[in-house]
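# Structural features, examined
Take a look at the letters that make up each chain.
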Amino acid sequence: MRLYEKRRRRRRRQKLIISSIFAICALGLTILLVICAKTRSGASGEPTEVPEVIRLDLPTVKAAPDTAVLPETIEPENAYPRFSYSKDWGAEDSYLLAKIAMAEAEGESIQGKTLVILVVLNRVHNADFPNTIQDVIFEENQFTPVINGRFDKVEPDADCWEAVQVVMEAQYDYSDGALYFESCDDADNWHSRNLDYLYQCGNHKFYK
């Protein structure tokens, strides 16, 4: 009988301990849930600080307008006709071409000198003008430097010779068939009244 009572008391103590442990765990869990709830409530009630975003000021690239004109620029080759004549002239004719380029376009770019040479060559192969380089240059009342004697005084510089070389190596007529040019102060002149205006390069306006 005494042994039985001891066992009953031992079981009661074990149950009491277990119940106490469960109670403590439940209390701890409840406290933890309350703390979490308060934390969430506080976080939602206050504005969240966002780190400042670093902005890089990059240079703005502006697109070139469609109407932009690039000075001294040669357009694609397919915009011009191929030369229909040979360029097998000799050293004397090369000298005359460089000389007329110097007389007419000293101070102009190589492109400007090249266009003067092309006008001479276009005339050589046009039925309305003489058929040699020398005869075109010395045709009466055609080139002002020949008329006033400047042609005889000048000597070609390096740019003039380079212009001759450019023409000799070119496959296309970059002058667009120009036969005339002028640098008149008066816009209303014989060229503008009687010819088709093509373009301006430097101080010269070109026509055909």
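Residues numbered from 1 in each chain as written. Predicted model: local features only at pLDDT ≥ 70, side-chain atom pairs only at ≥ 80, totals over all residues. Heavy atoms only, no water.

## Observations regarding the overall build of the protein chain
A tally of regular secondary structure across the protein chain gives 8 helices and 3 strands. The secondary structure elements of the protein chain, listed N-terminal to C-terminal, are α-α-α-α-α-α-α-β-α-β-β. In the protein chain, which comprises 208 residues, the share counted as buried stands at 30%. Here the contacts in the protein chain between residues at least 6 apart in sequence split such that 67% fall between residues at least 24 apart. (Helix = DSSP H or I, 4+ residues; strand = E, 2+ residues; numbered from the N terminus. Buried < 20%, exposed > 50% of the residue type's maximum accessible area, 1.4 Å probe, protein only. Contact = heavy atoms within 4.5 Å.)

## Here we look at unusual backbone geometry
Note on backbone geometry: most residues besides glycine have negative phi, and most peptide bonds are trans. Even without being a glycine, Asn141 presents a positive backbone phi close to 60°. Tracing the sequence through the fold places Asn141 in the loop between α4 (133-137) and α5 (144-148). Take Asn141: its relative accessible area is 57%, and that puts it in the exposed class. Positive phi is not limited to glycine here, since Asp176 has a value of about 60°. Take Asp176: it is sitting in the loop between α7 (158-169) and β1 (180-182).

## Examining the pattern of salt bridges
For the structure shown, the criterion picks out 3 salt bridges. Note that Lys99 and Glu155 form a salt bridge whose closest N and O atoms lie 3.6 Å from each other. Linking Lys99 in helix α2 (residues 91-105) with Glu155 in the loop between α6 (150-153) and α7, this pair joins segments that are 56 residues apart in sequence. The exposure class assigned to Glu155 is partly exposed, which follows from its relative accessible area of 48%. Its salt-bridge partner being Arg193, residue Asp188 comes within 3.2 Å of it at the nearest N-O pair. The exposure class of Asp188 is partly exposed, given its relative accessible area of 47%. Relative accessible area serves as the criterion here: at 53%, Arg193 is assigned to the exposed category. (Salt bridge = Lys/Arg side-chain N within 4 Å of Asp/Glu carboxyl O.)

## As for α7
Spanning 12 residues, α7 covers 17 Å between terminal C-alpha atoms, matching the ideal 16 Å at 1.5 Å per step. Residues of α7 that are buried: Cys160, Ala163, Val164 and Val167. An end-on view of α7 places all buried positions within 100° of arc, on one side of the element. Along α7, the residues that are exposed and aim more than 90 degrees away from the buried face are Ala158 and Glu169. Two to three positions downstream of the cap, the backbone nitrogen of Asp159 sits 3.2 Å from a side-chain oxygen, assigning the N-cap of α7 to Asp157. (Expected span 1.5 Å × (residues − 1). Arc of directions from axis to C-beta. Polar contact = N/O pair within 3.5 Å; in protein donor to acceptor, adjacent residues only side chain to side chain.)

## A closer look at the side chain of Thr114
Mapped onto the elements, Thr114 comes out in helix α3 (residues 110-124). Here the side chain of Thr114 touches Ile110 through a polar contact of 2.8 Å, landing on its backbone oxygen. The contact partners of Thr114, leaving out residues within four places of it in the chain, are Ala163, Val166 and Val167.

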